[in-house]
Amino acid sequence: VELLSGGARTFDAIFEAVRNARHHVHLEYYIFEPDTIGTALRDLLVQKAQQGVVVRLLLDALGSKRIGRKFMAPMHAAGVKVALFHDTRIGRRLRPVTNYRTHRKIVVCDGLTGFTGGVNITDEEDNRTRVDAYHDVHLRIEGSAVRWLQTTFLEDWTYATGENPRDMDDTLPHLLPRAEAGDIPVQIVTSGPDSALEAIHRMHLSAINSANERAWLTTPYFVPGEPALMALTSAALRGVDVRLLVPRRSDSVVVSAAARSYFDELIAAGVKVWEYKARMLHSKTLLVDDNCAMIGTANFDNRSFRLNFEVMAVVYGPALAKPLAAQFETDLHSSAAVRARRHQTFHGRLWEAFARLFSPLL
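For clarity, every value in this text was computed on a predicted model and none was experimentally measured.

Visitor: What's the story with the pairing of strand 5 (residues 106-109) in this structure? I'm lost.
Guide: A regular strand places its side chains on the two faces of the sheet in alternate fashion. Along strand 5, one buried face is formed by Ile 106 and Val 108 and the opposite face, lined by Val 107 and Cys 109, is buried too. In this structure, strand 2 (residues 24-29) lies alongside strand 5, joined through four bridges in antiparallel fashion. If you follow Glu 28 over to strand 5, its bridge partner there is Ile 106. Note that strand 5 and strand 6 (residues 113-117) share four bridges and pair antiparallel. Looking at strand 6, one finds that Val 108 is bridged to Gly 114. Between strand 5 and strand 6, which follow one another and run antiparallel, lie three residues, and Asp 110 among them has a positive phi close to 60 degrees.

See the structure below:
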């Protein structure tokens, strides 16, 4: 496993893996923009398809709504297989447009190298293109754990297209190749509205409840339900070093206000809260003690826990915990601690309370 900090490093690693692919490349994204980085990746996928590599690209129809026929034409001409998850056009399947989206970010090359995390395909995440690019992290995985990222992609592809993996032009041994198990335990956890189990939600709560020394959470959207809020405050009350890092200004003023409505209760219980000042913080991570680190696509809110299709990688042991802890402490240098008894105007308190009313929907 390799922690990738920032869009530039993430894109370089993904592009290298795609260039080295010999059999297939599978990609699933919530946001894929027809901008500089999106066009560069499209052209690389076209090149790989022309070389005989099977390329499948699954895009959320709402998150990637700017992708049009003109942009996709070179991919179609080269044989890249493109599908939309929950088409939003009138006359298509009758589903709520804003809910039940695939928020997953998955890349699998030859079934042996995989990526997941918070980085979408957009210049907004590329610090080489924009000085105000989102701050984010991603994860590169090699080995047998990649088959579970592959399985997740194949399930979503089959759901979106109706194509059975056994009927694909690949053979299953190519899609799910044998790989030696390494010495780093990795668990791929998925959740979505197709299951009432809320596996990622339960995973977060279980990890926080089991913390003995620390539980450090980074999330761009913090709108916890009662069980999640109870887990954080209970851990802090029993002496665990609980830290929460959120953006000072997210891309949703309502979500930011709703998040701040929880700060006083958290701080009173002993949770240390920071707001990231430099740019929009988009990382979704949880570090528990020295032996459990999570990176993935799920925010700490009801939408991710219940309404969207999400994926998280859980890495046990110090292989990811150590670099993730270092990244968290580095991010604190660009953050401001939220103090107890925040100075607020009446209108500010009223706005936060009003935003909190919408917490179940955010």
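Visitor: I'm lost on the nonpolar core in this one. Help?
Guide: Grouped burial of nonpolar side chains is what soluble globular proteins tend to show. One finds Phe 222, Leu 232, Leu 244, Leu 266, Val 273, Met 294 and Phe 300 to be the most contacted residues of the largest nonpolar core, which totals 42 residues. For this core, the element with the most residues is helix 7 (residues 226-237), which contributes six residues. When neighbours within four sequence positions are excluded, Phe 300 is seen to be in contact with His 204, Ile 208, Leu 217, Thr 219, Tyr 221, Phe 222, Val 223, Pro 224, Ala 228, Leu 232 and Phe 305. Listed in part, the 33 residues of the second largest apolar core include Ile 14, Val 25, Leu 57 and Ile 121.

Visitor: Even after reading the chapter, I still don't get the pattern of salt bridges, so can you show me in this structure?
Guide: Should their charged atoms come close, side chains of opposite charge can pair. Considering all chains together, one arrives at 14 salt bridges under this definition. Residue Glu 198 is joined to Arg 306 by a salt bridge in which the shortest nitrogen-to-oxygen separation is 2.9 Å. Within this pair, whereas Glu 198 is found in the loop between strand 8 (186-191) and helix 6 (199-210), its partner Arg 306 is found in helix 10 (residues 302-307), the two being separated by 108 residues in sequence. Beyond isolated ion pairs, a larger network of salt bridges with shared partners links Asp 12, Asp 126 and Arg 128.

Visitor: Whenever I open this one, the sheet that holds strand 7 (residues 137-142) confuses me. Can you help?
Guide: Two pairing modes exist for strands in a sheet, parallel and antiparallel, and in both the strands are linked by backbone hydrogen bonds. Taken in spatial order, the seven strands make up an open sheet running 1-7-6-5-2-3-4, and their pairing is mixed. Each edge of the open sheet is held by one strand with a lone partner, namely strand 1 (2-5) and strand 4 (81-85). Between one strand axis and the next, the sheet turns by 15 degrees as a mean value, whatever way the strands run. Lying over the sheet, helix 2 (residues 36-50) contacts strand 2 and strand 3 (54-60), oriented at roughly 150 degrees with respect to strand 3.

Visitor: Teacher, can you tell me more about the packing of aromatic side chains here?
Guide: The geometry of an aromatic ring pair comes down to the distance between the two centres and the angle between the two planes. Under the counting rule described, the total for this entry stands at eight aromatic pairs. Both rings, one in Phe 32 and one in Phe 71, keep their centres 6.2 Å apart while their planes meet at 65 degrees; by these two values the pair is edge-to-face. Taken together, the residues span a long stretch of sequence, with Phe 32 in the loop between strand 2 and helix 2 and Phe 71 in helix 3 (residues 69-78) at a distance of 39 residues. Note on accessibility: Phe 32 and Phe 71 belong to one class, buried. With a centroid separation of 5.5 Å and 80 degrees between ring planes, the pair formed by Phe 300 and Phe 305 is classed as edge-to-face. Residue Phe 300 is classed as buried on the basis of its relative accessible area of 1%.

Visitor: I'm lost on helix 1 (residues 7-20) in this one. Help?
Guide: Given 3.6 residues per helical turn, the α-helix brings residues three or four places apart onto the same face. Taking 1.5 Å as the rise per residue, helix 1 with 14 residues should run 20 Å; its terminal C-alpha atoms sit 20 Å apart, in good agreement. Gly 7, Ala 8, Thr 10, Phe 11, Ala 13, Ile 14, Phe 15, Ala 17 and Val 18 are the residues of helix 1 that are buried. Against strand 1, strand 2, helix 2, strand 5, strand 6 and strand 7 lie the buried residues of helix 1.

Visitor: Got a minute to help me understand the pairing of strand 6 in this structure?
Guide: Of all five residues that make up strand 6, five are buried, and the element is covered over most of its length. Neither face of strand 6 is left uncovered, since the one carrying Thr 113, Phe 115 and Gly 117 and the one carrying Gly 114 and Thr 116 both have all their residues buried. For strand 6 and strand 7, the ladder comprises five bridges, and the chain directions are antiparallel. Within the sheet, the bridge partner assigned to Gly 117 lies in strand 7 and is His 138.

Visitor: Explain the side chain of Asp 60 here, please?
Guide: Mapping Asp 60 onto the fold places it in strand 3. Owing to a relative accessible area of 0%, Asp 60 belongs among the buried residues under this scheme. Non-local contacts of Asp 60, meaning those with residues more than four positions away in its chain, are made with Tyr 29, Tyr 30, Phe 85, Arg 101 and Thr 102.

Visitor: Please explain the packing of helix 1 against helix 2 as it appears in this structure.
Guide: Each pair of packed helices can be described by the angle between their axes along with the distance between the axes. Running from N to C, helix 1 and helix 2 point in directions that differ by 10 degrees, and their axes come no closer than 10 Å. Looking at the two axes, helix 1 sits roughly parallel to helix 2. Crossing of helix 1 over helix 2 shows left-handed handedness. For the pair formed by helix 1 and helix 2, the contact residues are Phe 11, Phe 15, Val 18 and Arg 19 on the first element and Ile 37, Ala 40, Leu 41, Leu 44, Leu 45 and Lys 48 on the second.

Visitor: Would you explain the environment of Leu 139 in this entry?
Guide: Mapping Leu 139 onto the fold places it in strand 7. Once the C-alpha coordinates of Leu 139 and Gly 117 are considered, the two residues, 22 residues apart in sequence, prove to be 5.8 Å apart. Apart from the residues lying within four places of it in its own chain, the contact partners of Leu 139 are Val 1, Glu 2, Leu 3, Gly 114, Phe 115, Thr 116, Ile 295, Ala 313, Val 315 and Leu 320.

The rules behind these values
- Residues numbered from 1 in each chain as written.
- Predicted model: local features only at pLDDT ≥ 70, side-chain atom pairs only at ≥ 80, totals over all residues.
- Heavy atoms only, no water.
- Buried < 20%, exposed > 50% of the residue type's maximum accessible area, 1.4 Å probe, protein only.
- Helix = DSSP H or I, 4+ residues; strand = E, 2+ residues; numbered from the N terminus.
- Pairing = 2+ DSSP bridges.
- Core = buried A, V, L, I, M, F, W, Y, C linked by side-chain atoms within 4.5 Å.
- Contact = heavy atoms within 4.5 Å.
- Salt bridge = Lys/Arg side-chain N within 4 Å of Asp/Glu carboxyl O.
- Axes fitted to C-alpha atoms, helices over the stretch in contact; angles between N-to-C directions.
- Phe/Tyr/Trp six-rings, centres within 6.5 Å; stacked < 30°, edge-to-face > 60°.
- Expected span 1.5 Å × (residues − 1).
- Parallel < 35°, antiparallel > 145°, perpendicular 65-115°, else oblique.
- Left-handed = near helix turned anticlockwise from the far one by under 90°.

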